[in-house]
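Structural overview
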Amino acid sequence: MRRVLLSIVAITLAVSLANCGNPSTPDVPTAEGPSAPTNALVFGSVGQPVNLRPGDVTDGNSLYVQQQIYNYLVGNVPGTTELAPELATDWSASEDGLTWTFNLREGITFHDGTDFNAEAVVFNVNRWWDPAFEFGYRDEGSLYEIWTDLFGGFKGDEASTLVDGRAVDNSTVEFEITEPFAAFPAAISSAYFGMASPTAIQAAGASFGTPSGAAVGTGPFVFESWVSGDRVTLSKFENYWEAGMPKAENVVFSFVEDPAARLAQLRAGSLDFTVDLTPDQLAEIESDPNLEAVYRPSFNVGYLALYPSYESLSTKEVRQAIAQAINKPAIVDAFWGDLGETDGNFVPPSLEEYRGDVGDYEYSMEAAKRAIAEAGYPDGFELDLWYMPVSRPYFPNPKPIAEAFAAELSQIGIKVNLQTKDWGAYLEDRNVAPGFQSFMLGWTGDYGDPDNFLYAHFGPGATQDLGGYENAELLDLLDQGRVKSEKSEREAVYKQAEALIFEEALRIPIVHSQPLLAKRTGVDGWAPSPFSSEAFTAVEKS
């Protein structure tokens, strides 16, 4: 069976790569618009942003651009998960752990010349947290779904972690929370929650962060234009608060969805650096004296989600059978090689001390067939499997990977119908009833804590894409993990949570990957973050 699978994988990969076009002929953007500024730093993005509204996206394409335009309360030491001052110079918790105080850097202005202060922080947080806030524009499509993933619920929800956010004075802001949460500074400062200009938001209304609207922060670069389907252009913020930064005069995000086209444009010099290349492209990168391979620290999970409200997937026995029918080691070896590993844990290996002793689902077609039959499906059933239309760090080549899943599942009688759609619609529609029966997705951590992997996928408000699935025991464990301060106690709690997640088989971990990036040799100062995107403040090219 392994030999059969590898043959299928080889065929699907070959077809996929053949359809990518001649790698020596770069794709030429067809959208009309202003040309890139001379000597601009050109980044090859895997797709265009969904929007540039902080707190209202979950996709990496949006976050990459946002991290150039906006700053955050707390940053990170470049290339690490270690917290560092950014808009806040320091922060502390009260003795009971229920109040967090942030002291803000003074003298900072937004790109529109207005002041950054504590009131601006509260304004932004209210947009994300308060459904009744006048300037949240929820009635015009803003969802802020990531807020509930990280903080349990919106204002007024019983599960909301946040009780209140208030400006103590011009440079001090306080957050009151329901229970101790040691990772609060990291969570409130993750890449979703950049600080935007209240004045600009009120002026632009619901168009803020769209191609026709504004995007105004305090970050190193100023939004200039967004040519839909082609590029976003940014320019240096001359009044940036960090001395001597940013290095580049202009940054252009060029949208190139196909990995082969991105590498071809990098080799041709049309791009200066890019991300999310496929592992099989490493040899081509290493053979070109003008290129350098760059590796992002591994901090992710790529998974296959199974929707439990779909009748055929309503029992964990059937979901476990699907997990058993997929030869994960062979698939990971075929598509990632040495740049991927697989096991049954949702939390990545870099957080080893919090991972459960679950092993992995035993690959067994016979056991999977038997379980499917015992569940009432001796002849199998049909299953829609949605694959992403763009490369991501955890699934750099989604379609052939989905085809490999489909080939495996056909062996136990499951007829898979492969589906995909535009990236923005893919992310949104998976949360809308009746949902996607099964789908590929993944996660790169936002901060260095298992809470960010587990609470964000199984906590209150985090399972819309699983039909609102709830497990009381699991929710209790996740709450304990947030409240406990002793590391050994947290380790024990998260190991129990991992065991429950493994048993339920709702989000089946496929891979923990080390994403492959690349740059031209003249590009310096790029320190890729474990969190999948980073500011280009110090990046320059000779």
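Residues numbered from 1 in each chain as written. Predicted model: local features only at pLDDT ≥ 70, side-chain atom pairs only at ≥ 80, totals over all residues. Heavy atoms only, no water.

**Quick notes on the overall build of the chain**
A tally of helices and strands in the chain yields 16 helices and 21 strands. In terms of overall size, the chain behaves like a compact globule, its C-alpha atoms giving a radius of gyration of 23 Å where 542 residues would be expected to give roughly 24 Å. Expressed along its principal axes, the backbone C-alpha trace of the chain runs to roughly 70 × 55 × 40 Å. Burial status across the chain gives 60% buried among its 542 residues. Of the contacts made within the chain by residues no fewer than 6 positions apart, 70% connect residues no fewer than 24 positions apart. A total accessible area of about 20,100 Å² is found for the chain, and carbon and sulfur atoms account for 47% of it. (Helix = DSSP H or I, 4+ residues; strand = E, 2+ residues; numbered from the N terminus. Rg over C-alpha atoms; globule rule 2.2 N^0.38 Å. Buried < 20%, exposed > 50% of the residue type's maximum accessible area, 1.4 Å probe, protein only. Contact = heavy atoms within 4.5 Å. Areas by Shrake-Rupley, 256 points an atom, 1.4 Å probe, with all protein chains shown as cover.)

**Some details on the side chain of T463**
With respect to the helices and strands, the residue T463 is situated in the loop between α14 (451-458) and α15 (472-483). Within the structure, T463 has its side chain in polar contact with the backbone oxygen of Y469 (distance 2.8 Å). With near-sequence residues (within four places) excluded, T463 lies in contact with H457, F458, G468, Y469 and R507. (Polar contact = N/O pair within 3.5 Å; in protein donor to acceptor, adjacent residues only side chain to side chain.)

**Quick word on the environment of P308**
Relative to the helices and strands, P308 resides in the loop between β13 (300-306) and α9 (316-325). A sequence separation of 25 residues divides P308 from A283, and the C-alpha atoms of the two residues are 41 Å apart. Other than its neighbours up to four places away in sequence, P308 contacts L313, S314, R319, L466, Y469 and L506.

**A few points about the packing of aromatic side chains**
Tallied over the entire structure, the rule returns 43 aromatic pairs. Here the aromatic rings of F43 and Y64 are separated by 4.7 Å at their centres, their planes lie at 50°, and the arrangement is tilted. Note that F43 is positioned in strand β1 (residues 41-45) and Y64 in helix α2 (residues 60-69), a separation of 21 residues in sequence. In terms of burial, F43 and Y64 fall into one category: buried. Judged by centre distance (5.6 Å) and plane angle (75°), the rings of W147 and F193 are edge-to-face. With a gap of 46 residues between them, W147 in helix α4 (residues 145-151) and F193 in the loop between α5 (184-188) and α6 (198-204) connect regions that are remote in the sequence. Each member of the pair W147 and F193 is classed as buried. Each member of the aromatic cluster is reached from another via a ring pair, and the members are W100, F102, W128, W147, F151, F175, F181, F184, Y192, F193 and W443. The ring of F181 has R482 sitting right over it, with the charged end atom 3.9 Å from the ring centre. The positively charged end of R482 is found above the aromatic ring belonging to Y455, 3.5 Å away from the centroid. (Phe/Tyr/Trp six-rings, centres within 6.5 Å; stacked < 30°, edge-to-face > 60°. Lys NZ or Arg CZ within 6 Å of the ring centre and 35° of its normal.)

**Description of the sheet that holds strand β15 (residues 382-386)**
Ordered by their spatial adjacency, 6 strands build an open sheet running β14-β18-β13-β17-β15-β16, and the pairing between neighbours is mixed. If you trace the sheet from one side to the other, it starts and ends with β14 (340-341) and β16 (415-419), each paired once. Note that β13 and strand β18 (residues 507-513) share 4 bridges and pair antiparallel. From the neighbouring strand, A305 faces β18, where its bridge partner is R507. Packing against the sheet, helix α12 (residues 398-410) makes contact with β15, β16, β17 (438-444) and β18, and its axis sits at approximately 165° to β16. (Pairing = 2+ DSSP bridges. Axes fitted to C-alpha atoms, helices over the stretch in contact; angles between N-to-C directions.)

**Digging into the pairing of strand β19 (residues 516-520)**
For β19, a buried count of 5 out of 5 residues is recorded, marking the element as mostly surrounded by other parts of the structure. Residue alternation in β19 divides its side chains into two sets, L516, A518 and R520 and L517 and K519, and both sets are buried. As paired elements, strand β12 (residues 291-295) and β19 share 5 bridges and run antiparallel to each other. Within β19, the position partnered with V294 by the bridge is L517.

**Quick word on empty space enclosed by the protein**
Here the structure, examined in full by the defined rule, presents 3 cavities of 30 Å³ or more. When its volume is computed, the largest cavity comes out at roughly 330 Å³. Lining the largest cavity we find 28 residues, and of these T58, Y192, Y394, G442 and W443 sit closest to its centre. For the lining of the largest cavity, the secondary structure elements donating two or more residues are α2, α4, α13 (423-429), β17 and α14. Considering each element in turn, the lining of the largest cavity owes the most residues, 4 residues, to β17. Residues of the lining of the largest cavity, tallied by class, amount to 12 nonpolar, 8 polar and 8 charged. (1 Å grid on protein atoms, 1.4 Å probe; cavity = no way out; pocket = protein on both sides within 12 Å on 5 of 7 lines; lining within 4 Å. Points joined across faces, edges and corners; volume = space filled by probe spheres on them. Nonpolar A, V, L, I, M, F, W, Y, C, P; charged D, E, K, R; others polar.)

**Some points on unusual backbone geometry**
Looking along the chain, the bond that leaves M245 and enters P246 is cis, with omega of -5°. Along the chain, the position of P246 falls in the loop between β9 (231-236) and β10 (250-255). The linkage connecting A433 with the following residue, P434, adopts the cis geometry, with an omega of 5°. By the secondary structure assignment, P434 is in the loop between α13 and β17. Phi is positive for D276, which is not a glycine, with a value near 55°. Examined against the element boundaries, D276 turns out to sit in strand β11 (residues 273-277).

**A look at the layout of surface pockets**
Here the largest pocket is characterised by a volume of approximately 710 Å³. Forming the boundary of the largest pocket are 37 residues, of which G75, N76, P78, E86 and A535 lie nearest the centre. Elements represented by at least two residues in the lining of the largest pocket include exactly β2 (74-76) and β3 (83-85). Residue composition of the lining of the largest pocket, by class: 21 nonpolar, 12 polar and 4 charged.

**Let's talk about the packing of α14 against helix α16 (residues 487-504)**
Packing of α14 against α16 leaves a shortest axis separation of 12 Å and a crossing angle of 45°. As far as their axial angle goes, α16 and α14 are oblique. Between α14 and α16 lies a crossing whose hand is left-handed. Here D451, L454 and F458 of α14 come into contact with α16, specifically with Y494, A497, E498 and I501. Of the residues assigned to the contact of α14 with α16, the class counts are 5 nonpolar, no polar and 2 charged. (Parallel < 35°, antiparallel > 145°, perpendicular 65-115°, else oblique. Left-handed = near helix turned anticlockwise from the far one by under 90°.)

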